[in-house]
Amino acid sequence: MQRMRQTFSIFLLLAATTAFPQDEHALKLWYNKPSGDTWENALPIGNGRLGAMVYGNVDTEKIQLNENTIWSGSPNRNDNTLALDSLQEIRRLIFAGMQKQAEILANRVIISKKSQGQMFEPAGELNLIFKSQGNYKNYYRELDIERAVAKTSYQVDDVTYTREVLASFPDRVIVMRLIASKPKSISFTAFYMTTQPNAAIRTNAAKQLTIAGTTMDHEGVTGMVKYKAICQFKPDGGSYTSTDTSVTITNADAVTIYISINTNFNNYHNITADENERANEYLNKALRKNFATILNAHVAAYQKYFDRVKLNLGTTDAGKLPTDERLKNFRTTDDPQFAALYFQLGRYLLISSSQPGGQPANLQGIWNNKLYPPWDSKYTININAEMNYWPVDKTNLAELSEPFIQMVKDMAVTGQQTAKDMYGTRGWMAHHNTDIWRATGAVDGAFWGAWCNGGGWTSQQLWDHYLYSGDKLYLASIYPVLKGAALFYADYLVEHPKYHWLVICPDESPENAPSAHQGSSLDAGVTMTNQIVFDVFSIVINTAKILHKDESFSDTLKHLRSRLAPMQVGQYGQLQEWLDDVDNPNDHHRHISHLYGLFPSSQISPYRTPELYSAAKNTLIQRGDISTGWSMAWKINWWAKMLDGNHAYKLLQNQLTPVGTNAEGGGTYNNLFDAHPPFQIDGNFGCTSGITEMLMQSEDGDLHLLPALPDVWQSKGRVKGLCARGGFEILDIEWQNGKIMKAVIKSTLGGNLRVRLPNEMKLASKGIFKKAAGENTNPFYQTEKTAKPIISEKAIITPPLIKKTFVYDISTRAGQLVLLSSK
């Protein structure tokens, strides 16, 4: 039964001691030198639809441009229908221990013979060539993530030049303002450049620079996305001339530049819009406004999201250095403000690359300068796309989930045909990649692409979004997606001939293979898949109960769930990655997919499943710390779930090192983009999630405050605005010496709040407040019990080291104010 929407506040109070920093550089990336020609030095701006990289160069400024629907190809499908007739043979080979032969067959009958996925493409680049500015001084550039504005300033002779650039959220254009401290000082020539082979650059009668083009053909799919980029210049004073492909401004006092880009894309199956009309519409509306008006509206729209969360971990003198120098020093210097800046940068990038009505953030968010980007810059859904959205709800950006939710709804349509034609099942499924055309076929080779859980994992993420809001209308809207994912698994599971559990076959643990399988990743019933299927069945059972429907289908799922393979602890004390105990303790592979059950799922818990929890810790230790960027970001979340803040912080230090420092990969570029390498934005988002998990967790039956606070942040800190499952918002937490001094918690749903704290509290006003006992009565915090693990006789079980905490239940009612203070 849905609760009434209720609001109440809880105050845990002793003293207010920690203000938020007022340092002018607190929420800025800043540098004392230009980017040069290095894209990873440039600074990103975006409004969810348009993205730009601002180089901040003096003689030749570059603004590299993206639009979120400029993709190669056109509506297409990439299923391999040979799969259905070969499934029984592939299963026979796998069950017979002939995984390599099964993989060879899968490459022929499962992997697409058509497109391997389409590419996210750049729109072009605006270049501004300035006259007589070679000898400059007092150079400075910044990205102000509190206002979403990039700025460059420098001095030539006795003139100070300043440029500001933004991607306006309300006006949907990129706007640049150039000013000088003396009149008639601004002169430059502007022109577009593009690597697109099917694009024309010209200047029209209105002296506008334009790019008109059609995207590329790719892997047999015709490029049919038409796009138009228009650049309009409004100088204050001076002269304004043009050639066929350039515009020259001479002796102006100031100049405002407006850039509008749009396409004919409506949705994944409709590209009939008029790109010229769209681009002109947004440009003409913006041209009626001056820069100050656009700036004020932009900052207000942006801060509606950004200002919801504030974080202060303390300040040191290290914060006075430029960002690239702080990055070099972070592993050896106490710079808590840098960690807070990096946390907020993740929120900035998410706001800037994912807006309602647009496309989800892809492998590079919305920023890409390559015609052939790494991994096509699409959506890898065996971890990376999901990781992009881990921070959304917990860092108070719930609305930004909409593009991801819509993508999953789209895949639930296209994936029905894939499920039917390739696997003979009901429901829907997706493999490990998709793109703007919502392709759900298998790509890249069976070693990576025969994974069939893209639908299952993304469904889990849609359910998790519901747990934060309790919105039954939203839950009803996604129920067909959730049910479809469960139907696929219900039909696709088979009985293992040796163990007699229900398993998926063919199956694989993403991108990894045990040596016992002749180097093949294919197997049956791998641990991650069992965890995902368990989650999907549990989610649909719970959703059907909430919505009062499909009781018989729920009963079927309960029966199937009871027959799934359990998680197992192997001979090295590890959580087994595969059904058989074939893990290698010297395997340091970047994917540790079987710890999905620890995070983002909550099947593994220090309090409910200590054996599995200990085994997961052994797995983390055996795999090691250093890896690629996104992998280290996931490990930060895992070590936070291990309640080990110091180890999580160590990984954050590893992540915040200049790229190339770690031989195994990972690290960070000068503009704080995550390095896989190359650049992938998931590491940025994963680290923001991980820092949140160090400060607050709500996956394990309660709201746990400061669960993994590292020693370096113990002395003093404050955070405002984080969100937790069950409709709770942490309006304020303030701590000293690792103890909470003040906390304010708001609920919009009412019901029981079970809170876990590092220090003992007592009730200071009327209300029901007691030590917790039994299962949390709040349905948003009730957890499914996992199957009992089968533990090898040789298994090494390390007892979990859990700090003493204090757990209370608080019964919340509308309008009730509960005060608690430290003893």
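Above this text you will find the structure in question.
Bear in mind that the values here come from a model prediction, so they are computed numbers and not experimental data.

Visitor: Whenever I open this one, the sheet that holds strand 8 (residues 149–156) confuses me. Can you help?
Guide: Paired through their backbone hydrogen bonds, the strands of a sheet run either parallel or antiparallel. With respect to topology, 9 strands assemble into an open sheet ordered 2-7-8-9-10-17-14-13-12, the strand pairing being antiparallel. Taken across any chain shown, the strands that pair with only one partner, and hence form the sheet edges, are strand 2 (28–31) and strand 12 (199–203). Taking each pair of neighbouring strands and ignoring which way they run, the sheet shows an average axis angle of 10°. Of the pairings in the sheet, the one linking strand 2 to strand 7 (residues 136–144) comprises 4 bridges and is antiparallel in character. Note on strand 7: the bridge partner recorded for Tyr31 is Arg141. Lying over the sheet, helix 3 (residues 275–287) contacts strand 14 (226–236) and strand 17 (254–263), oriented at roughly 150° with respect to strand 17.

Visitor: I would appreciate a short explanation of the environment of Pro514 in the present structure.
Guide: Inspection of the secondary structure puts Pro514 in the loop between strand 23 (507–508) and strand 24 (522–523). For Pro514, a relative accessible area of 4% puts it in the buried group. In sequence terms Pro514 and Glu577 are 63 residues apart; their C-alpha atoms lie 9.1 Å from each other. Not counting residues within four places of it along the chain, the set of residues in contact with Pro514 comprises Gly519, Ser520, Trp578 and Val582.

Visitor: It is not clear to me how helix 6 (residues 336–353) should be interpreted in this structure. Could you clarify?
Guide: Residues three or four positions apart in an α-helix share a direction because the helix packs 3.6 residues into each turn. With 18 residues, helix 6 ought to run about 26 Å at 1.5 Å a step, and its terminal C-alpha atoms sit 26 Å apart, in line with that. Summarising burial for helix 6: 18 of the 18 residues are buried, a large majority.

Visitor: How should I be thinking about the packing of aromatic side chains in this particular structure?
Guide: When we look at a pair of aromatic rings, we describe it by the centre distance and by the angle of the planes. In the structure shown here, the tally under the stated rule is 35 aromatic pairs. Between Phe188 and Phe233, the ring centres sit 6.2 Å apart and the planes meet at 50°, which makes this aromatic pair tilted. Taken together, the positions of Phe188 in strand 11 (residues 186–193) and Phe233 in strand 14 put the pair 45 residues apart, joining distant regions of the chain. Residue classification places Phe188 among the buried residues on the basis of a relative accessible area of 0%. With a centroid separation of 5.3 Å and an interplanar angle of 40°, the aromatic rings of Trp463 and Tyr466 are classed as tilted.

Visitor: Explanation requested: the pattern of salt bridges in the structure shown.
Guide: Side chains carrying opposite charge are able to pair once their charged atoms draw close together. The final tally for this structure, using the stated rule, is 35 salt bridges. With a closest N to O distance of 2.7 Å, Asp324 and Lys33 form a salt bridge. Note that Asp324 is positioned in helix 5 (residues 323–329) and Lys33 in the loop between strand 2 and strand 3 (43–46), a separation of 291 residues in sequence. Here Lys33 falls in the partly exposed class, since its relative accessible area comes to 41%. In this structure, Arg426 and Asp491 form a salt bridge, with 2.8 Å as the shortest nitrogen-oxygen distance. In this pair, Arg426 is assigned in the loop between helix 9 (402–423) and strand 20 (433–434) and Asp491 in helix 12 (residues 472–492), connecting sequence segments 65 residues apart. What makes Arg426 partly exposed here is its relative accessible area of 48%.

What counts, and where the lines are drawn
Residues numbered from 1 in each chain as written. Predicted model: local features only at pLDDT ≥ 70, side-chain atom pairs only at ≥ 80, totals over all residues. Heavy atoms only, no water. Pairing = 2+ DSSP bridges. Helix = DSSP H or I, 4+ residues; strand = E, 2+ residues; numbered from the N terminus. Axes fitted to C-alpha atoms, helices over the stretch in contact; angles between N-to-C directions. Contact = heavy atoms within 4.5 Å. Buried < 20%, exposed > 50% of the residue type's maximum accessible area, 1.4 Å probe, protein only. Expected span 1.5 Å × (residues − 1). Phe/Tyr/Trp six-rings, centres within 6.5 Å; stacked < 30°, edge-to-face > 60°. Salt bridge = Lys/Arg side-chain N within 4 Å of Asp/Glu carboxyl O.

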